[in-house]
Amino acid sequence: MTNSLPTIRLRLDELLKEQGISRYELAKRTGITYPTIDSYYKNKALRYDTEVLLKICMALNCDIGELIIIIRAP
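Residues numbered from 1 in each chain as written. Predicted model: local features only at pLDDT ≥ 70, side-chain atom pairs only at ≥ 80, totals over all residues. Heavy atoms only, no water.

S.K.: Run through the pattern of salt bridges, naming residues and quoting values.
M.R.: For the coordinates displayed, the defined rule picks out 9 salt bridges. A salt bridge links Arg-29 to Glu-25, with the shortest nitrogen-to-oxygen separation between them at 3.1 Å. Of this pair, Arg-29 and Glu-25 both sit in helix H2 (residues 23-30), 4 residues apart, roughly one helical turn. By relative accessible area, Arg-29 is classed as partly exposed at 46%. A residue is classified by how much of its surface remains accessible, and Glu-25, at 26% relative accessible area, is partly exposed. In this structure, Glu-51 and Lys-55 form a salt bridge, with 3.3 Å as the shortest nitrogen-oxygen distance. (Salt bridge = Lys/Arg side-chain N within 4 Å of Asp/Glu carboxyl O. Helix = DSSP H or I, 4+ residues; strand = E, 2+ residues; numbered from the N terminus. Buried < 20%, exposed > 50% of the residue type's maximum accessible area, 1.4 Å probe, protein only.)

Here it is, written out as structure tokens:
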């Protein structure tokens with residue numbers, strides 16, 4: 001029996017694809033640097049900034065629950 005913690009994953013790639021928006025366009029709309037958007041997009045960020053998450057949600061007109069999902073280990 002493993003007690004591994006669940007992981008958090010952003011669905012930014014899926015949301016951008018659904019809305020036909022590029023990472024570059026999202027960076028322009030939010031004022032967030034492209035490298036930051038890219039790290040969130042690739043799920044490489046180790047810590048999430050609440051202001052960044054809010055700006056992304058506002059730009060994509062989505063709720064935080066649509067952006068973040070929890071992956072539970074089997």
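What follows continues from the structure just given.
S.K.: Pulling in residues and values, what's your account of H2?
M.R.: Buried within H2 we find Leu-26, Ala-27 and Thr-30. Summarising the axial view, the buried residues of H2 lie within an arc of 100 degrees, below the 170-degree limit, and thus occupy one face. Facing away from the buried side of H2 by more than 90 degrees, the exposed set consists of Tyr-24 and Lys-28. Summarising the contacts, the buried residues of H2 are in contact with helix H1 (12-19), helix H3 (34-41) and helix H4 (50-60). (Arc of directions from axis to C-beta. Contact = heavy atoms within 4.5 Å.)

S.K.: Could you give an account of the environment of Ser-22, naming the residues involved and the relevant values?
M.R.: Position of Ser-22 among the secondary structure elements: in the loop between H1 and H2. Overall, Ser-22 belongs to the partly exposed group, its relative accessible area being 38%. Taking the C-alpha atoms as reference, Ser-22 lies 10 Å from Ile-37; in sequence the two are 15 residues apart. A distance of 2.9 Å separates a polar atom in the side chain of Ser-22 from the backbone nitrogen of Glu-25. (Polar contact = N/O pair within 3.5 Å; in protein donor to acceptor, adjacent residues only side chain to side chain.)

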